[in-house]
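Observations on the model geometry
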Amino acid sequence: MATIGYSHTASSVQARRDYDGWIIAGYGALLGVIALAALYLTSGGPGNGEAALVLMVAMP
């Protein structure tokens, strides 16, 4: 028995799976900002200026 007029719709699982990349990228960006802020705060000691911070970020 054939079904006439059957239309396939995407499930909610597939709709949620499309956002996984954006969520992972968002967490990566957030953790990167936190890491840069921590580097900035810890480099504020004596003898560490902006040039030292740039070197620490550019050449880990």
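The model shown is predicted, which means the values in this text are computed figures rather than measured ones.

For the rest of this paragraph, the subject is the overall build of the protein chain. Counting its regular elements, the protein chain contains three helices and zero strands. Ordering the α and β elements of the protein chain from the N terminus gives α-α-α. Burial statistics for the protein chain: of 60 residues in total, 3% are counted as buried. As displayed, the protein chain has an accessible area near 5500 Å², and 69% of this comes from carbon and sulfur atoms.

Right, let's talk about the UniProt feature "transmembrane region" (unreviewed entry) in the protein chain for a bit. Under the local residue numbering, the UniProt record ascribes the feature "transmembrane region" (unreviewed entry) to residues 21-41. Helix makes up 100% of residues 21-41 and strand 0%, with an end-to-end C-alpha separation of 30 Å.

Further remarks concern the packing of helix H2 (residues 20-42) against helix H3 (residues 50-58). Taken N-terminus to C-terminus, the directions of H2 and H3 make an angle of 140°; their axes are 10 Å apart at the nearest point. At the point where H2 passes H3, the crossing takes the right-handed sense. Taking contact as the criterion, the partners of Leu 36, Leu 39 and Tyr 40 in H2 are, on H3, Leu 53, Met 56 and Val 57.

With that settled, consider a nonpolar patch on the surface. On the surface, a cluster of nonpolar side chains totalling about 870 Å² of accessible area is made up of Tyr 19, Trp 22, Ile 23, Tyr 27, Leu 30, Leu 31 and Ile 34. Within the secondary structure layout, Ile 34 lies in helix H2.

The rules behind these values
Residues numbered from 1 in each chain as written. Predicted model: local features only at pLDDT ≥ 70, side-chain atom pairs only at ≥ 80, totals over all residues. Heavy atoms only, no water. Helix = DSSP H or I, 4+ residues; strand = E, 2+ residues; numbered from the N terminus. Buried < 20%, exposed > 50% of the residue type's maximum accessible area, 1.4 Å probe, protein only. Areas by Shrake-Rupley, 256 points an atom, 1.4 Å probe, with all protein chains shown as cover. UniProt positions renumbered as here; feature names shortened; annotations may be inferred. Axes fitted to C-alpha atoms, helices over the stretch in contact; angles between N-to-C directions. Left-handed = near helix turned anticlockwise from the far one by under 90°. Contact = heavy atoms within 4.5 Å. Patch = residues over 30% accessible without salt bridge, like charges linked within 9 Å, V, L, I, M, F, W, Y side chains within 5 Å. Salt bridge = Lys/Arg side-chain N within 4 Å of Asp/Glu carboxyl O.

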